[in-house]
Amino acid sequence: MGTDGKTLFSTSLGYAGLGHGTFLGVPVPVLVMVVVFAAGWYVLNRTVFGRWVHAVGGNAEAARLAGIPVRRVLAGVYVISGLCAGIGGVIASARLQSAVPDLGTGYELSAIAAVVLGGTSLMGGKGSLIGTLIGAAIIGVLVNGLTLLDVSTLYQQIIQGVVIVLAVALDRLRTRVPATSGA
């Protein structure tokens, strides 16, 4: 039994509460983000697994030679990534009170832009959750401002792409290794 690509709607007020509800005056999606962020920060900064993730991200071959189970670490990171995507999907679906088959299409550009703006190098080995949070806030403000200015979605994607290219170019300039003079 499938949906045949059709949107499903929810009339459950409990489900809608995940997207629109508040707890002690704070929106539930913000609380979920804080909990996920805190858990991620703890894992990355206070556990052996977090150190392994940083090592594998910096240089997978060196991490393997140091005895870190690179394949298990990568599998764990992909599982955590999938869990976070699932949580984000549930929150987005609850905010819309519907399940749209292609709801997240195009979000990957915003995610990449947020991560790169937050200081994570696309070459690996450098980045932080706090930087990513700041990058996401910048992208959120940018997209919201463009929407308020009635800029077409197509142009918003182009602007985000330009932001990514500029952030990557700045990262490359910042991390450029000076050429050594050959003698």
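Here, the structure is the one placed above.
The structure presented is a predicted model; accordingly, all values stated were derived computationally and were not measured.

Q: Can you walk me through the overall build of the chain in this structure?
A: Looking only at helices and strands, the chain has eight helices and four strands in total. Along the chain, from the amino end to the carboxyl end, the secondary structure elements read β-α-β-β-α-α-α-α-β-α-α-α. Once the C-alpha set of the chain is aligned to its principal axes, its extents read approximately 75 × 40 × 40 Å. Looking at the chain as a whole, 19% of its 183 residues are labelled buried. When contacts within the chain are restricted to residue pairs at least 6 apart in sequence, long-range pairs at least 24 apart make up 56% of them. Here the chain displays about 12500 Å² of accessible surface, and carbon together with sulfur accounts for 69% of that area. The chain carries 11 positive and 6 negative side-chain charges, and their two centres are separated by 16 Å.

Q: In this structure, what is going on with helix H8 (residues 153-174)? I would like to understand it.
A: Since there are 3.6 residues in each turn of an α-helix, residues three or four apart along the chain are aligned in direction. An ideal rise of 1.5 Å per residue puts 32 Å on 22 residues; H8 measures up with 31 Å between its terminal C-alpha atoms. Within the span of H8, buried status applies to Gln156, Gln160, Ile164, Ala167 and Asp171. One side of H8 carries all its buried residues, which in axial view fall inside an arc of 85°. Projecting away from the buried face of H8 at angles above 90 degrees are the exposed residues Leu154, Tyr155, Val165, Leu166 and Leu173. Looking at the buried side of H8, the elements it contacts are helix H6 (107-117) and helix H7 (129-148).

Q: What is the right way to read the environment of Thr47 from this model?
A: Relative to the helices and strands, Thr47 is located in the loop between helix H2 (28-46) and helix H3 (48-58). It is 29 Å that separates the C-alpha atoms of Thr47 and Ser110, two residues lying 63 residues apart in sequence. Reaching out from Thr47, the side chain makes a polar contact with the backbone nitrogen of Gly50 at a distance of 3.0 Å.

Q: Is there a simple way to explain unusual backbone geometry in this structure?
A: Glycine aside, negative phi is the norm for most residues, and most peptide bonds take the trans geometry. For Leu24, which is not glycine, the phi torsion reads 55° and is therefore positive. Its place among the elements puts Leu24 in the loop between strand E2 (22-23) and strand E3 (26-27). In the Ramachandran plot, Asp150 falls in the positive-phi region, its phi being about 60° despite a non-glycine side chain. Examined against the element boundaries, Asp150 turns out to sit in the loop between H7 and H8. Look at Asp150 and you get exposed, because its relative accessible area is 70%.

About the criteria used
- Residues numbered from 1 in each chain as written.
- Predicted model: local features only at pLDDT ≥ 70, side-chain atom pairs only at ≥ 80, totals over all residues.
- Heavy atoms only, no water.
- Helix = DSSP H or I, 4+ residues; strand = E, 2+ residues; numbered from the N terminus.
- Buried < 20%, exposed > 50% of the residue type's maximum accessible area, 1.4 Å probe, protein only.
- Contact = heavy atoms within 4.5 Å.
- Areas by Shrake-Rupley, 256 points an atom, 1.4 Å probe, with all protein chains shown as cover.
- Lys, Arg positive; Asp, Glu negative; His and termini not counted.
- Charge placed at Lys NZ, Arg CZ, Asp CG, Glu CD.
- Expected span 1.5 Å × (residues − 1).
- Arc of directions from axis to C-beta.
- Polar contact = N/O pair within 3.5 Å; in protein donor to acceptor, adjacent residues only side chain to side chain.

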